[in-house]
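# Descriptive analysis of the structure
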Amino acid sequence: MNGKKVLKTVLVISGSVFFVWFLCLAGMNYGNIGSKTGFVMAVLAIFCGFRFERISEYLTSLDKKKQRTLLILPAIVILPAVLTTSVMYLTPLKYKPCRTMIILGCGVNDDGSPTIVEKRRLDRALEYLREHPDTAIVAAGGLRDDFGGYQEADSMADYLTAHGINEKMIYKEEKSSSTYENINYSAEIINENGLSKEVLIVTDRFHQYRSVKFAENAGLEPYSLPVKTDWYIWPAY
């Protein structure tokens, strides 16, 4: 098998694997921008694999300057993404016990229960709350069409109260549809209710960097309580 056939096979097989992978993630309520982008790239890889000969002929017909441009373009797209991800993972996190906690939403199942990722965040929060029961909690997450009519904030509050948390300590942020809105609407709740602006943000490790930056810009003093992300969900982010 020559090099071109190997590359064609790799494109088709890898594209097919990730096509199924991202399709499964969408079925598990992880239809975010990351999984949608990955799904499109998987389809593109399959297309390039099946049309490899035609694409090769087209590229060969171009002059060298245009060939170099087409080769550089993917790097221009991929390199910033790699650098951004590296910053998110490598930036040290600050931890400090706080009297206010913000738990960021991550989807709701069709029956109203939290998704796997959200359950991990809630369980991480519960570990802390059992040692610090006087902590005020902002459950941050609104309603989306793919949540079966359930609010993320309601789902989180139900889970917390079912595990022994006093409902009077829970404040629901129900308007947001993004991380930026999660934090800013939570900051409004904190200010309106006179809660401590020293906040402990509960979310996945990869999600902490921008959540903290948004919180700083919203006038809060954020600290991090990171949650481990399951390996099979990583491609969606």
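Here the structure is shown first, and the text comes after it.
This report concerns the structure included in the present document. (Residues numbered from 1 in each chain as written. Predicted model: local features only at pLDDT ≥ 70, side-chain atom pairs only at ≥ 80, totals over all residues. Heavy atoms only, no water.)

## Regarding the overall build of the protein
So the rule is basically this: Only DSSP runs of H or I reaching four residues or more are called helices, and only runs of E reaching two or more are called strands; each is numbered from the N terminus. Partly exposed describes any residue whose relative accessible area lies between the buried limit of under 20% and the exposed limit of over 50%, with all areas from a 1.4 Å probe on protein chains only and scaled to the type maximum. Throughout, a residue-residue contact means that at least one pair of heavy atoms, one from each residue, lies within 4.5 Å. Per-residue and other accessible areas were derived by the Shrake-Rupley procedure at a 1.4 Å probe size, with only the shown protein chains allowed to occlude residues. When charges are tallied, Lys and Arg are placed among the positive residues and Asp and Glu among the negative ones, while His and the ends of the chain are skipped. To locate a charge, take atom NZ for lysine, CZ for arginine, CG for aspartate or CD for glutamate.
Secondary structure assignment for the protein yields eight helices and five strands. Counting helices and strands in the order they occur from the N terminus, the protein gives α-α-α-α-β-α-β-α-β-α-β-α-β. A buried classification covers 38% of the 237 residues belonging to the protein. Across the protein, the fraction of contacts at a sequence separation of at least 24, relative to all contacts at a separation of at least 6, is 69%. Surface summary for the protein: the accessible area is close to 13600 Å², and the carbon and sulfur share equals 61%. Seen as two clouds, the 27 positive and the 26 negative side-chain charges of the protein have centres 12 Å apart.

## Quick look at the pairing of strand β2 (residues 136-140)
Short version of the rule: A pair of strands is labelled paired if DSSP reports no fewer than 2 bridges between them.
Burial runs high along β2: five of the five residues are buried. Burial of the side chains of β2 extends over both faces: Ala-136, Val-138 and Ala-140 are buried on one face and Ile-137 and Ala-139 on the other. Taken together, the five bridges between strand β1 (residues 100-104) and β2 define a ladder with parallel strand orientation. The partner of Met-101 across the bridge, within β2, is Ile-137.

## A few points about the sheet that holds strand β3 (residues 170-173)
Convention followed: Fitting a line to C-alpha atoms yields each axis, with helices limited to the stretch in contact; the angle taken between N-to-C directions then spans 0 to 180 degrees.
Here we have five strands laid out as an open sheet, ordered β3-β2-β1-β4-β5, and parallel in their pairing. With partners counted over all chains shown, the strands left at the sheet margins are β3 and β5 (221-227), one partner each. Going across the sheet, the axis of each strand differs from the next one's by a mean of 25°, ignoring polarity. Here β1 runs beside strand β4 (residues 198-204); their pairing, made up of four bridges, is parallel. Its bridge partner being in β4, Ile-103 is matched across the sheet by Val-202. Those strands touched by helix α6 (residues 152-162) are β1, β2 and β3, and its axis lies near 160° from that of β3. The sheet contacts of helix α8 (residues 205-217) involve β1, β4 and β5, and relative to β4 the element is tilted by about 150°.

## As for the pattern of salt bridges
Going by this rule: Any Lys or Arg side-chain nitrogen located within 4 Å of an Asp or Glu carboxyl oxygen qualifies as a salt bridge.
Under the criterion given, the structure shown has eight salt bridges. Here Arg-124 ties to Glu-127 by a salt bridge, and the two come within 3.3 Å at their closest N and O atoms. Taken together, the residues span about one helical turn, with Arg-124 and Glu-127 both in helix α5 (residues 116-131) at a distance of three residues. Residue class for Arg-124 comes out partly exposed when judged on its relative accessible area of 28%.

## With respect to a nonpolar patch on the surface
Note the following rule: The patch calculation keeps residues exceeding 30% relative accessible area without a salt bridge and links them within 9 Å when they carry like charges or within 5 Å when they are nonpolar (Val, Leu, Ile, Met, Phe, Trp, Tyr).
Nonpolar side chains collect at one region of the surface, where Tyr-58, Leu-59, Leu-70, Ile-72, Leu-73 and Ile-76 lie side by side and expose about 560 Å² of accessible area between them. When contributions to the nonpolar patch are tallied by element, the ones reaching two or more residues are α3 (52-61) and α4 (64-90). In terms of residue count, the dominant contributor to the nonpolar patch is α4 (four residues). Checked against the element boundaries, Leu-73 lands in helix α4.

## Comments concerning the environment of Ile-103
Mapped onto the secondary structure, Ile-103 falls in strand β1. Linking Ile-103 and Ile-137, residues 34 residues apart in sequence, is a C-alpha distance of 7.4 Å.

## Side note on the environment of Ile-183
Residue placement: Ile-183 occurs in helix α7 (residues 179-192). We classify Ile-183 as buried; its relative accessible area is 0%. Expressed as a C-alpha distance, the spacing of Ile-183 and Tyr-223, which sit 40 residues apart in the sequence, is 13 Å. Setting aside residues no more than four positions away along its own chain, Ile-183 makes contact with Leu-104, Ile-201, Ser-211, Phe-214, Ala-215 and Ala-218.

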